Amino acid sequence: MEDTEFADEIAQLCYESFSKLPARGKPEPGREWTLLAAVVQLSRGSGSGAVEKQVVSLGTGTKCIGKSSMSPNGDVLNDSHAEVIARRGCVRYLTLELLRAVRGEDSSVFQPAEEPGKWRLQSGVSFLFFMSHTPCGDASIIPMAESQCQPCASVTSVQFHPESKGGAKRKAEEPVKRAKQPRLDEPTVVTDPSRNRTADCQLDLTQVPDIHRTGAKCVPGGPADPLNPGAGYHSTGLLRVKPGRGEPTASLSCSDKLARWCVVGFQGALLSHYLQGALYFRTVVVGQCPYSQEALHRALVTRCAHTSGLPVGFSLTPPRLLQSSLEFPFSLSPTVARHQAGQGRVSPCGAAISWCRVPEQPLDVTANGYKQGVTKKVLGTAKSRSLLCKLELFHSFLSLVSATDPACLPESLRSAHLKTYLEYKLAARCYQDAWLQLRSQVFPLWPRCDPDLLRFC
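Along each chain, residues carry numbers from 1 onward, in the same order as the chain's sequence is written. In view of the model being predicted, local features appear only for residues whose pLDDT reaches at least 70, and side-chain atom pairs are presented and counted only at 80 or more, with totals across whole chains, interfaces and linings using the full set of residues. Computation of side-chain values: all heavy atoms of the structure, hydrogens and water removed.

Draft legend 1. Structural detail: the overall build of the chain. Only DSSP runs of H or I with at least four residues qualify as helices, and only runs of E with at least two residues qualify as strands; both kinds are numbered from the N terminus onward. Scanning the chain from terminus to terminus reveals nine helices and 21 strands. Throughout this description, buried means an accessible area under 20% of the type-specific maximum (1.4 Å probe, protein chains only), exposed means over 50%, and partly exposed covers the range between. Here the chain holds 457 residues, and the buried ones make up 57% of them. Contacts are residue-level and defined by heavy atoms, with any inter-residue pair within 4.5 Å sufficient. Within the chain, residue pairs in contact and separated by at least 24 positions form 71% of the contacts whose partners lie at least 6 positions apart. The Shrake-Rupley method, run with a 1.4 Å probe sphere, supplies the accessible areas, and residue values consider only the shown protein chains as cover. Of the roughly 19400 Å² of accessible surface on the chain, a fraction of 51% belongs to carbon and sulfur atoms.

Given below as structure tokens:
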């Protein structure tokens with residue numbers, strides 16, 4: 001099967017899966033738009049060689065909350081961009097599959113590994129990541145044709161209120177008047193402060209009239225974008241934070257998070273206790289949208305290319321990058337095309353949807369970091385919490401630990417002193433070592449999370 005045909009098959013599978021979900025949380029046709037991401041499990045049969053493809057996690061969303069709205073109890077969903085929602089839903093799915101495995105039940109994902117207490121993927125099983133749009137941040141800084149204009153409005157932020165309909169919006173830059181630019185005869189070589197040397201990531205801006213903008217802003221402590229007219233607006237290869245304007249956030253761009261997953265895996269610190277090696281997306285598929293494979297490779301792979309000293313089971317794992325010719329029906333362009341007079345202005349959908357392949361409560365719809373529709377009266381209770389927030393995922397992990405025969409517990413979980421979310425994360429020594437190597441060598445400006453926000457249990 002050719003790459004384009006395969007990419008279209010994956011996109012169609014994800015769009016159909018989204019269409020089967022209930023209406024709750026979906027955009028209003030012709031007035032609201034959103035972005036979609038998904039994790040697809042590929043299972044190759046040992047005999048026929050046929051590959052079964054099934055969506056195991058879907059996510060939609062365009063917003064994240066500001067720093068002042070973050071909770072020390074782990075009960076607020078900080079980042080609701082579709083890519084993050086899809087990955088966190090996949091963690092729910094993998095936690096359940098590990099629970100089945102440790103109980104001796106059939107798991108479609110895991111089999112025992114050589115190391116005691118550890119598990120690995122079954123032969124023929126792999127995971128693919130789909131995005132309806134190029135991820136925000138570095139991967140979105142791509143040349144555009146003279147006839148194109150910026151696709152979306154700029155990222156904005158409003159003060160967060162759990163009961164409000166507002167939130168920090170994910171959009172791209174407004175169209176700008178481009179001053180007539182002199183011919184750029186030489187490629188722009190960008191200095192990358194996060195590596196303290198000239199970046200290997202070069203964006204050839206020769207004869208490029210303008211570039212697509214990202215609303216994500218450079219991390220504090222590093223240089224800002226030049227903001228020059230046209231192609232000189234952004235620097236490439238830099239860490240960026242969401243949402244881009246208004247109240248600062250602690251959420252890194254999706255480009256940066258995907259780059260991190262290419263090195264330390266997408267399973268996270270907690271599940272790495274149970275895994276013999278990190279889990280990587282072997283393929284990344286992007287839907288029809290402004291796209292540059294060169295920019296996506298730069299953002300996800302090239303920036304991390306010189307990472308060394310990683311522990312066993314971790315490595316830079318470049319995914320195969322593909323683009324589909326199929327556009328997500330609820331992205332901005334088709335929404336604008338369907339917009340009718342009297343519907344009000346076109347705007348991003350305020351809700352984020354998560355669906356994952358689990359038997360209990362597979363659907364989770366949130367707004368502003370909480371379950372959609374909650375009131376102040378129930379804030380701080382389980383009724384207000386997203387199933388994807390840190391606290392809920394931690395509780396699911398603790399259920400996995402409790403279900404594991406003590407004699408079969410991974411060595412890293414045998415300490416009697418582990419209690420808080422932070423302690424369990426730090427006890428995943430191989431994962432933390434891999435992250436330390438990546439952060440110190442490639443991303444030293446990556447903002448560190450306040451430990452006081454992680455000491456819940």
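Draft legend 2. Looking closely at the sheet that holds strand 17 (residues 320–323). If you trace the eight strands from one edge of the open sheet to the other, you get 17-16-8-2-3-19-20-21, paired in mixed fashion. One side of each edge strand has no neighbouring strand; the edge strands of this open sheet are strand 17 and strand 21 (370–371). Orientation is described by axes fitted as lines to C-alpha atoms, over the contacting stretch for helices, and by angles from 0 to 180 degrees between their N-to-C directions. Strands in contact with helix 1 (residues 3–19) are strand 2 (36–44), strand 3 (51–60), strand 8 (125–131), strand 16 (281–286), strand 17 and strand 19 (352–356); relative to strand 3, the strand with the most contacts, it is inclined by about 55°. Strands were regarded as paired on the criterion that DSSP finds at least two bridges between them.

Draft legend 3. Local environment of unusual backbone geometry. Phi at Gln-361 is positive, roughly 50°, even though this residue is not glycine. By the element assignment, Gln-361 lies in the loop between strand 19 and strand 20 (363–367). Located in the positive-phi region is Asn-368, a residue other than glycine, with phi close to 55°. By the element assignment, Asn-368 lies in the loop between strand 20 and strand 21. When its relative accessible area of 10% is taken as the criterion, Asn-368 is described as buried.

Draft legend 4. Representation of the packing of helix 2 (residues 82–102) against helix 3 (residues 254–264) in the model. At a minimum axis separation of 9 Å, helix 2 and helix 3 run at an interaxial angle of 35°. Of helix 3, the residues touching helix 2 (which contributes Glu-83, Val-84 and Arg-87) are Cys-254, Lys-257 and Trp-261. Under the scheme applied here, ten amino acids are nonpolar (Ala, Val, Leu, Ile, Met, Phe, Trp, Tyr, Cys and Pro), four are charged (Asp, Glu, Lys and Arg), and all others, including Gly, are polar. Partitioned by chemical class, the residues of the contact of helix 2 with helix 3 number three nonpolar, no polar and three charged.

Draft legend 5. Seen up close, the pattern of salt bridges. Salt-bridge detection follows one rule: a side-chain nitrogen of Lys or Arg within 4 Å of a carboxyl oxygen of Asp or Glu. Enumeration over the complete set of coordinates arrives at 15 salt bridges. Glu-9 is the salt-bridge partner of Lys-53, the closest N and O atoms lying 3.2 Å from each other. With a gap of 44 residues between them, Lys-53 in strand 3 and Glu-9 in helix 1 connect regions that are remote in the sequence. Two residues, Glu-97 and Arg-100, come together in a salt bridge whose shortest N-O distance is 2.6 Å. One end of the pair is Glu-97 and the other is Arg-100, both in helix 2 and three residues apart, which spans about a single turn. Owing to a relative accessible area of 27%, Arg-100 belongs among the partly exposed residues under this scheme.

Draft legend 6. Structural context of the nonpolar core. Core analysis: the biggest nonpolar cluster contains 62 residues, and Leu-94, Phe-127, Phe-129, Tyr-274 and Phe-397 have the highest contact counts within it. Per-element tally for this core: the top contributor is helix 2, with eleven residues. Phe-6, Leu-42, Ala-351 and Trp-355 belong to the second-largest nonpolar core, a separate cluster that totals 25 residues. Residue types Ala, Val, Leu, Ile, Met, Phe, Trp, Tyr and Cys, when buried and joined through side-chain atoms within 4.5 Å, form a set referred to as a nonpolar core.

Draft legend 7. Up close: the pairing of strand 17. Here four bridges tie strand 16 to strand 17, and the two strands are oriented parallel to one another. Paired with Thr-283 across the bridge in strand 17 is Arg-320. With the strands pointing away from the viewer, any crossover whose connection runs clockwise from the first strand over the helix to the second is right-handed. Regarding topology, helix 5 (residues 293–300) serves as the crossover connection from strand 16 to the parallel strand 17, and that connection is right-handed.

Draft legend 8. Highlighting the environment of Pro-116. Along the polypeptide, Pro-116 turns up in the loop between strand 6 (110–112) and strand 7 (119–121). Judged by relative accessible area, Pro-116 falls into the exposed class, the value being 67%. For Pro-116 and Gln-276, which are 160 residues apart along the polypeptide, the C-alpha to C-alpha distance reads 9.3 Å.

Draft legend 9. Up close: the packing of helix 2 against helix 7 (residues 390–403). The N-to-C vectors of helix 2 and helix 7 enclose an angle of 10°; their axes lie 9 Å apart at closest approach. Taken together, the axes of helix 2 and helix 7 lie roughly parallel to each other. Within the contact between the two elements, helix 2 uses Arg-88, Val-91, Arg-92, Thr-95, Leu-98, Leu-99 and Val-102 and helix 7 uses Lys-390, Leu-393, Ser-396, Phe-397, Ser-399, Leu-400 and Ala-403. For the contact of helix 2 with helix 7, the per-class residue count stands at eight nonpolar, three polar and three charged. Any angle between 65 and 115 degrees counts as roughly perpendicular, while under 35 counts as roughly parallel, over 145 as roughly antiparallel, and the rest as oblique.

Draft legend 10. Looking closely at the environment of Glu-115. Mapped onto the elements, Glu-115 comes out in the loop between strand 6 and strand 7. The partly exposed category is assigned to Glu-115, whose relative accessible area is 40%. Here the alpha-carbon distance between Glu-115 and Gln-276, two residues 161 residues apart in the chain, equals 6.9 Å.

Draft legend 11. The side chain of Thr-307, seen in detail. Residue position: Thr-307 is located in the loop between helix 5 and strand 17. Two N or O atoms form a polar contact when they lie within 3.5 Å of each other; inside protein one atom must be a possible hydrogen donor and the other a possible acceptor, and for residues adjacent in sequence the pair counts only when both atoms belong to side chains. A distance of 2.8 Å separates a polar side-chain atom of Thr-307 from the backbone oxygen of Cys-304. If sequence neighbours within four positions are ignored, Thr-307 has contacts with Gln-437, Leu-438, Gln-441 and Val-442.

Draft legend 12. Structural detail: the packing of aromatic side chains. Centres within 6.5 Å are what make two rings of Phe, Tyr or Trp a pair, Trp counting through its six-membered ring; a difference in plane orientation under 30 degrees is then read as stacked, over 60 as edge-to-face, and the rest as tilted. Across all of its chains, the model carries 19 aromatic pairs by this definition. The interplanar angle of 15° and the centroid separation of 4.8 Å between the aromatic rings of Tyr-421 and Phe-456 together place this pair among those described as stacked. On the criterion of sequence distance, the pair formed by Tyr-421 in helix 8 (residues 421–427) and Phe-456 in the segment after helix 9 (429–441) is long-range, its members being 35 residues apart. As far as the burial class goes, Tyr-421 and Phe-456 line up, both buried. Seen from their ring centres, Trp-435 and Trp-446 are 5.0 Å apart, and the 80° between their planes marks the pair as edge-to-face. Linking Trp-435 in helix 9 with Trp-446 in the segment after helix 9, this pair joins segments that are eleven residues apart in sequence. Across the pair, Trp-446 and Trp-435 agree in class, each one buried. An aromatic cluster is present here, built from Tyr-274, Phe-394, Phe-397, Tyr-421, Tyr-424 and Phe-456 joined pairwise through their rings. Criterion for a charge above a ring: Arg CZ or Lys NZ at most 6 Å from the ring centre, at most 35 degrees from the ring normal. One residue, Lys-26, lies across the ring of Phe-18, its end atom 4.6 Å from the ring centre. Its guanidinium or amino end placed over the ring of Trp-435, Arg-260 lies 3.8 Å from that ring's centre, counting from NZ or CZ.

Such coordinate-based values are descriptive only and should not be taken to indicate function.
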